[in-house]
Amino acid sequence: MGENQKASKKGKLIKSFAHLCTITLGAVIAGFALEAFFVPNSVIDGGIIGISMIASHVTNFNLGILIIILNAPFIVLAFQKMGGKFVFRTAYANIILALALNFFHNYKVTNDILLATVFG
């Protein structure tokens, strides 16, 4: 293997690691925002997360697990259209989000619904 191939491989590895780090940071921030602002103030987000929040509120089922379950069909469909790398990153983000939601559970920052909506 030549010097250029080693450097290229190392560059790709660093780039992949940087992508995972930013995905992790984003998922943790989203988990914090949901559990610290939205959930305690009964503010609903949109999309699958919003549906998961409603289902979690009604059934008292774990929000993180519901997000993973409700996103699973879309991840399977994405594998057919988008490829493995995209699906891996999406599944990783969902898992980190679920873990962050459980970590920040019952962490409330404000009682003001307007502030919760803006900050969340």
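Relevant structure appears above.
Residues numbered from 1 in each chain as written. Predicted model: local features only at pLDDT ≥ 70, side-chain atom pairs only at ≥ 80, totals over all residues. Heavy atoms only, no water.

### Some details on the nonpolar core
Alright, step 1. If you look at the biggest cluster of nonpolar residues, it comprises 14 residues, and the most contacted ones within it are Leu34, Phe37, Phe38, Leu97 and Leu101.
Alright, step 2. The set of elements that each furnish at least two residues to this core consists of helix 1 (3-38), helix 3 (63-82) and helix 4 (84-103).
Alright, step 3. Counting residues per element, this core draws most heavily on helix 1, at six residues.
Alright, step 4. Apart from residues no more than four positions distant in its own chain, leucine 97 is found in contact with Ala27, Ala30, Gly31, Leu34, Ile49 and Ile67. (Core = buried A, V, L, I, M, F, W, Y, C linked by side-chain atoms within 4.5 Å. Buried < 20%, exposed > 50% of the residue type's maximum accessible area, 1.4 Å probe, protein only. Helix = DSSP H or I, 4+ residues; strand = E, 2+ residues; numbered from the N terminus. Contact = heavy atoms within 4.5 Å.)

### A few points about a nonpolar patch on the surface
Alright, step 1. A surface patch of nonpolar side chains, amounting to about 420 Å² of accessible area, comprises Leu114, Leu115, Val118 and Phe119.
Alright, step 2. Relative to the helices and strands, phenylalanine 119 is located in helix 5 (residues 113-119). (Patch = residues over 30% accessible without salt bridge, like charges linked within 9 Å, V, L, I, M, F, W, Y side chains within 5 Å. Areas by Shrake-Rupley, 256 points an atom, 1.4 Å probe, with all protein chains shown as cover. Salt bridge = Lys/Arg side-chain N within 4 Å of Asp/Glu carboxyl O.)

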